[in-house]
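# Breakdown of the fold
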Amino acid sequence: FPGSSSFWLNRHLLAYPGRYARWMDVVGRLDDGADLTAAREDFSRVASQLEGEFPQTNRAYTTTMVPLEEAVVGETRATLLVLLGATLLLLLVACANVVNLLLSRMADRAQELALRTALGAGRMRLGRQLLTESLVLSAAGAAMGILVAWLGVSVLVALGPESLPRLDEVQLDGRVLLFTLAATGLTGILFGLAPILRLMRTDVRTTLQDGSRGSTGRRGRTRNALVVAQLAVAVMLVVGAGLLSRSFIALLRTEPGFNATSVLTMRVDLPTRAYSDLGRVSDFHAEMIAELERVPGVAAVAASATLPFEREIPFLGNFFVQDRVAAAQGEEPIAHYRQVSPGFFATMGIDMVSGRDFEMSDDRVAKGVAVVDQALVERYFPGEDPIGKVIGGLPPHVALGGFFPKSFEIVGVVGDVKYFGLAQPSEPSLYLPVAQAPFRRMSFILRTNADPESLVAPARRVIQASDPTVPISRVSTMEAIVSTSVARERFSMMLLVLFAGVALVLAAVGVYGVISYGVSQRTAEFGVRAAMGAEPEDVLGLILKQGAMLAAVGIGLGLLGAGLLSRVMASQLYGVGATDPATYAAVAAALFAVALAAVYIPARRAAHLDPIVALSGDSRTSAR
């Protein structure tokens, strides 16, 4: 924290006057036993006193105190909790599948275990054997899972967004292995109990007399219940994945307010000592724009102090409108002000709603001018034409730049830009010409006629030819910046879709396994039906009906559960409701189709059984 820092400097070595360094955070440690609520109240009292003593600089901002962990993790906690819940649901699906398989295996071994009991083996001893088999099975699965995880962690970290806190620290360490060992033992014991309980209730005499078919009804009901549970959990996961997918698509379709196609950006930080004169700062930017426009393949060039989706806090300040009654304290107009060059709006593809853009004549000796966005107009000039209004009182960031004029006349209105993220509302923005409000840290924006990345080297050469000491950083295409801004949402969606896909496969396997085993148990019955004239379509329909009923019950329960759990995901969604009917309907239809496809295979096999083979002693073997 912060992970992007390469080196540290003493604040007193920097030429930043304290009351304008609003981008800085204060980190402190509370006394032992100190109460955070009391500390916040004390902090607010101090902030209020400072507002009264320094209204020009301190009234524009609010103060808050949050735990460092909360500041670092932020909204990630909700995302990780959703993924943790999805992991647990996937574990439940897997466990239900294993229990089903163990019960089926237990049914096949019923005579064997009954014979061992009759020969003197105690049920506790047999139970220990079954539990040992279950633990060995779970241990083997855990070993394979750890191997896959070991191979997949690097892929996970590579695909993960940079904005996900502490992602680079994710690794398979001792804590992870201990947790895996504990989870393995717990699940092994839990899903190993089912066949043991079945063994304890088994009547040895009946089993030896009737064979393994003696209690298929009860066993079938248990396995059917597990299949229903698998389908229900799978529905919940797939609904969650569907909601996140639709949310992500809606996010990508959100209009950001600018055109990111074929745009290259690069940041230039002018050294403070060499460019202490604001006039020289303004001249440098004008010269660089002119030089970069001559680079082959460049269609337009502009410069801006802030770009959309940048992590830095932009300049925020109060202002007043001339010839208007002053607002009460705490209700003064406030806006994010952004220094840009002439042509910035056209280069970025931002709509000019009314008025004009900045011009080269809007220099340091000209009358101050400004352009505002629609969000500012709607908030502070409702029902008015802002063109011609004069504003003043903006606190200059004299540490990094300053204002040549004292006031600015609004000459244009532009469309809103989502500077803080596609899912975030547009905040009032006030644009100032960089020639009148110079700033040493600027990003050059190049709209190209070719691949933007092909212009990186020529643009670097142009800037370094002018001044080799000027550092160039954050070279990126605007499309990459937009993509990075939704990386966390993409990552969450990708993982949940992966979990949902695995759950869907496991559920399909579970349905197939139960129906297939049921068919094998009823082979003789189907042989009798066929011998008495039943058509293959009748047998096929009978089995499909059974599978369809299981699927309908499981999907219905899953939709109810998804409706309850999806509300937890509401904060993670954008442009789609937590109970979106289209998503629920699509998931229900897809799961039903998958379940029927899994049922069809054993149903078709049973429908085409040879009655003579089905009624022979090897019928069960032939049915499989």
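Residues numbered from 1 in each chain as written. Predicted model: local features only at pLDDT ≥ 70, side-chain atom pairs only at ≥ 80, totals over all residues. Heavy atoms only, no water.

To continue, consider the overall build of the protein. Counting its regular elements, the protein contains 20 helices and twelve strands. For the protein, with 624 residues in total, the buried portion stands at 43%. Restricting to contacts in the protein with at least 6 residues of sequence separation, those with at least 24 account for 83%. (Helix = DSSP H or I, 4+ residues; strand = E, 2+ residues; numbered from the N terminus. Buried < 20%, exposed > 50% of the residue type's maximum accessible area, 1.4 Å probe, protein only. Contact = heavy atoms within 4.5 Å.)

Let us look at the pattern of salt bridges. A complete count under the given rule lists eleven salt bridges for this structure. Asp-580 is paired through a salt bridge with Arg-246; the nearest N and O atoms lie 2.3 Å apart. Of this pair, Asp-580 sits in the loop between α17 (536–565) and α18 (581–607) while Arg-246 sits in helix α9 (residues 216–252), and the two are 334 residues apart along the sequence. The class for Asp-580 is buried, based on a relative accessible area of 13%. We classify Arg-246 as partly exposed; its relative accessible area is 38%. Ionic pairing is found between Arg-379 and Glu-427, a salt bridge with its closest N-O pair at 4.0 Å. Taken together, the residues Arg-379 in helix α12 (residues 374–380) and Glu-427 in the loop between β9 (407–414) and β10 (429–433) connect sequence positions 48 residues apart. Connected through shared salt-bridge partners, Arg-324, Glu-384 and Lys-389 make up one network. (Salt bridge = Lys/Arg side-chain N within 4 Å of Asp/Glu carboxyl O.)

At a minimum axis separation of 8 Å, α17 and α18 run at an interaxial angle of 150°. Here α17 lies roughly antiparallel to α18, going by the angle between them. By crossing handedness, the relation of α17 to α18 is classed as right-handed. In terms of residue class, the contact of α17 with α18 is made up of 22 nonpolar, two polar and one charged. (Axes fitted to C-alpha atoms, helices over the stretch in contact; angles between N-to-C directions. Parallel < 35°, antiparallel > 145°, perpendicular 65-115°, else oblique. Left-handed = near helix turned anticlockwise from the far one by under 90°. Nonpolar A, V, L, I, M, F, W, Y, C, P; charged D, E, K, R; others polar.)

Moving on: the confidence of the model for the protein. Here the protein averages 82 in pLDDT, while 84% of its residues score no lower than 70. In the predicted structure, residues 212–216 sits below a pLDDT of 50 and forms eleven contacts with residues beyond four places in sequence or in another chain. Note on residues 618–624: pLDDT under 50 across the span, and 18 contacts to partners over four residues away in sequence or across chains. (pLDDT = per-residue confidence, 0-100.)

A cluster of nonpolar side chains, Leu-135, Leu-186, Ile-189, Leu-190 and Leu-193, forms an exposed patch at the surface whose accessible area comes to about 420 Å². Per-element accounting of the nonpolar patch gives the leading share, four residues, to helix α7 (residues 174–200). Residue position: Leu-135 is located in helix α6 (residues 123–159). (Patch = residues over 30% accessible without salt bridge, like charges linked within 9 Å, V, L, I, M, F, W, Y side chains within 5 Å. Areas by Shrake-Rupley, 256 points an atom, 1.4 Å probe, with all protein chains shown as cover.)

Bringing the side chain of Ser-247 into the picture now. Mapped onto the fold, Ser-247 is located in helix α9. Not counting chain neighbours up to four residues away, the residues in contact with Ser-247 comprise Gln-572, Leu-573, Tyr-574 and Val-576.

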